[in-house]
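Chain by chain, the residues run as shown.
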Amino acid sequence: MGQLDGKVAIVTGAGGGLGRAHALLLAQEGAQVVVNDLGGDRHGAGGGTSMADGVVDEINAAGGSAVAHYGSVTDDADAAGMVKTAVDNFGRLDILINNAGILRDKSFKNMSDDEWDIVIDVHLRGTYLVTKHAWQQMLDQGEGGRIVMTSSTSGLIGNFGQANYGAAKAGIAGFMRVLALEGMKYGITVNVLAPAALSRMTEDIMPDVPDLGERLAPEKVSPTVVWLCTNDAAKVTGRQFCVSGNRTSLLSWQVDVVAEKDALDTPWTVEEMGEAMAQSMETWPKLLKPMEV
Ligand code: NAI
């Protein structure tokens, strides 16, 4: 008995890396899986069927049940097609893991409009499009659902050279926070994953640490994602989980009041505000670097 017996999942960008690991573990827990992947290179160029097919074969060979979908998350018809593939093959849709992604790293002064646009398109619009169709299917079924959106510490905290990617990943987190509220009355949970894993995407940007391949194997991120899809996680929504190897952390918000006086009083002067800021600033937490999470 798996924890996801009878459930149907879509994993976007599941032909390799984290998406592949999520798809394999979802299937191992009993979910039937639509393995989507465009099959392009790491920059989003090209396409092909072999990546998605390879993961489908792995799942089927292990006794699970999966079908491939080769479309792009950036195409509305393809996004609709992923949901249709789930319904046509397995009768329903319970789980969406938005995972597909690309990088176009450049410092902001060197970044072209094309590099900005394509990264926003794949991550933010791609997450929006697939979620839009999955959301409607989940509402039609009326039995709730599970959505995990893949963000990044690059968007939640910041990372040099990733203005496009950080903006997209922060947008995904904002999207999640609103959908989590809107999904509550329908039993649809929406959470964010900020992973760290050694994959095709990160192999040349990870620090040189011994045993990195083992420490940051994508398979170590998937149990958190798959648990979020179980019945036990029915009340877990609107959260941001940073998962790095075998460590899962909750990234929460803290509100620090910097300056306050009675609302009916006159506004602060700029000088007074400066004094309040200077005093308060000494107590502010230092800026995190992504690897410290
Ligand atoms: P990866 O490059 O191995 O996997 C991404 C997959 O998405 C690829 O198989 C690619 O073919 C697919 N893909 C790209 N564009 C697509 C499109 N338009 N439609 C459908 N599929 C498409 O990279 P990795 O590391 O597994 O990344 C997975 C997700 O995790 C991404 O969203 C990435 O931004 C995010 N992430 C990864 C981190 C890491 O340390 N590996 C850190 C933070 C976030």
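Residues numbered from 1 in each chain as written. Predicted model: local features only at pLDDT ≥ 70, side-chain atom pairs only at ≥ 80, totals over all residues. Heavy atoms only, no water.

**Structural notes on the sheet that holds strand β3 (residues 65–69)**
Reasoning step 1: Pairing in this open sheet of eight strands is mixed, and the strands run β3-β2-β1-β4-β5-β6-β7-β8 from one edge to the other. If you trace the sheet from one side to the other, it starts and ends with β3 and β8 (247–250), each paired once. Across the sheet, the axes of successive neighbouring strands diverge by a mean angle of 20°, strand direction being ignored.
Reasoning step 2: Across the sheet, helix α3 (residues 76–90) touches β1 (8–11), β2 (32–36) and β3, and the angle it forms with β3 is around 150°.
Reasoning step 3: Each of β4 (95–98), β5 (145–150) and β6 (188–196) is contacted by helix α4 (residues 113–141), which is oriented at about 175° to β4, the strand it contacts most. (Pairing = 2+ DSSP bridges. Helix = DSSP H or I, 4+ residues; strand = E, 2+ residues; numbered from the N terminus. Axes fitted to C-alpha atoms, helices over the stretch in contact; angles between N-to-C directions. Contact = heavy atoms within 4.5 Å.)

**Section: helix α1 (residues 17–28)**
Reasoning step 1: An ideal rise of 1.5 Å per residue puts 16 Å on twelve residues; α1 measures up with 17 Å between its terminal C-alpha atoms.
Reasoning step 2: Taken together, the buried positions of α1 are L18, G19, A21, H22, A23, L25, L26 and A27.
Reasoning step 3: Looking at the buried residues of α1, the elements they touch are β1, β2, α2 (50–61), β4, β6 and α8 (222–228).
Reasoning step 4: In the stretch just after α1, G30 is the one whose phi turns positive, near 105°. (Expected span 1.5 Å × (residues − 1). Buried < 20%, exposed > 50% of the residue type's maximum accessible area, 1.4 Å probe, protein only.)

**With respect to the site of the ligand**
Reasoning step 1: As a matter of local geometry, the ligand sits amid 32 residues, with L18, D37, N99, Y165 and S199 nearest to it.
Reasoning step 2: One of the backbone N or O atoms of L38 is found 3.4 Å from a nitrogen atom in the ligand.
Reasoning step 3: Between S72 and the ligand, the recorded distance is 3.0 Å, taken from a side-chain N or O atom to a nitrogen atom.
Reasoning step 4: For the ligand, the accessible surface in isolation is 820 Å², of which the surrounding protein chains cover 96%.
Reasoning step 5: Those elements that place two or more of their residues in the shell around the ligand are α1, α4, α6 (163–183) and β6.
Reasoning step 6: Of the residues that constitute the shell around the ligand, the class distribution is 13 nonpolar, 16 polar and three charged. (Near = heavy atom within 4 Å. Polar contact = N/O pair within 3.5 Å; in protein donor to acceptor, adjacent residues only side chain to side chain. Areas by Shrake-Rupley, 256 points an atom, 1.4 Å probe, with all protein chains shown as cover. Nonpolar A, V, L, I, M, F, W, Y, C, P; charged D, E, K, R; others polar.)

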